[in-house]
Amino acid sequence: MNIMKYKSDEEKMEVALLESKKALDLNEIPVGAAIFDANDELICSNHNRREVDQNPVAHAEILVLQEAAKKLGTWRLEGTTLAVTLEPDSMCAGAIVLSRIKTLIYAAPNLKAGAAYSLYNIPQDPRLNHFVEIKDNILTHESEAILSSFFESKR
């Protein structure tokens, strides 16, 4: 069996972008996320499902953290990389720290609710017991175009 490797941050973000497009098709805020193991193999991917599931915590990041933990049989997602198309909010940033994600990569900044740089930096707060490496601005324009098309359709 040929296992696909997602070596670059851009390749990882492409998976999350595909998920964001699925969210757009469901009339959800188009945010997608994907988690990769230490060997650069995809564990799982998902997208926002708050409206579909009528669940306030059904953010893409939370859904993939839950699925990855279930697949791996542990809540400690050490050595993994999470790719998300929009900078995580405080709920998701806290969950990223608690799940011990090694690296967070994100596309677009979240100027109204971002908690991985824009308003707060929860994943790198030295007062917490886990530090997450962050890489931002990965395929930002592609993510912003999808987000803009969604919000423009709401006006």
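The structure we're discussing is the one just above.
Rules of the game
Residues numbered from 1 in each chain as written. Predicted model: local features only at pLDDT ≥ 70, side-chain atom pairs only at ≥ 80, totals over all residues. Heavy atoms only, no water. Helix = DSSP H or I, 4+ residues; strand = E, 2+ residues; numbered from the N terminus. Rg over C-alpha atoms; globule rule 2.2 N^0.38 Å. Buried < 20%, exposed > 50% of the residue type's maximum accessible area, 1.4 Å probe, protein only. Contact = heavy atoms within 4.5 Å. Areas by Shrake-Rupley, 256 points an atom, 1.4 Å probe, with all protein chains shown as cover. Pairing = 2+ DSSP bridges. Axes fitted to C-alpha atoms, helices over the stretch in contact; angles between N-to-C directions. Expected span 1.5 Å × (residues − 1).

(A) Looking closely at the overall build of the protein chain. For the protein chain, the helix and strand inventory stands at five helices and five strands. The order of helices and strands in the protein chain, counted from the N terminus, is α-β-β-α-α-β-α-β-β-α. By the compact-globule yardstick of 15 Å for 155 residues, the protein chain fits well, its C-alpha radius of gyration being 14 Å. Looking at the protein chain as a whole, 48% of its 155 residues qualify as buried. Excluding contacts between residues fewer than 6 apart, the proportion of contacts in the protein chain whose partners are at least 24 apart in sequence is 58%. About 8,200 Å² of surface is accessible on the protein chain, with carbon and sulfur atoms providing 52% of the total.

(B) Inspection of unusual backbone geometry at higher detail. In the Ramachandran plot, Asn137 falls in the positive-phi region, its phi being about 60° despite a non-glycine side chain. Structurally, Asn137 is set in the loop between β5 (133–135) and α5 (140–154).

(C) Just the sheet that holds strand β1 (residues 32–36), in detail. As summarised here, the arrangement of the five strands in space is β2-β1-β3-β4-β5, forming an open sheet in which the pairing is mixed. The open sheet is flanked by β2 (42–47) and β5, the only strands paired with a single partner. For this sheet, the mean angle separating the axes of adjacent strands, direction not counted, is 15°. Here β1 runs beside β2; their pairing, made up of five bridges, is antiparallel. Considered in β2, the bridge of Gly32 is made with His47. The strands touched by α5 within the sheet are β3 (81–86) and β4 (103–108), with β4 carrying the most contacts at an inclination of about 55°.

(D) Examining helix α3 (residues 60–72) more closely. Taking 1.5 Å of rise per residue, the 13 residues of α3 would be expected to cover 18 Å, and the 18 Å separating its terminal C-alpha atoms lies within 8% of that figure. Where the residues of α3 are buried, they touch β1, β2, β3 and α4 (90–98). In the segment just after α3, Gly73 is the residue with positive phi, at about 75°.

(E) Here's a closer look at helix α1 (residues 9–25). Over its 17 residues, α1 runs 25 Å from end to end, which matches the ideal 24 Å to within 8%, given 1.5 Å per residue. Along α1, the residues that are buried comprise Asp9, Lys12, Met13, Val15, Ala16, Leu17, Glu19, Ser20 and Ala23. Those residues of α1 that are buried are in contact with β1, β2, β3, β4, β5 and α5. With its phi angle positive at about 65°, Asn27 sits one or two positions after the end of α1.

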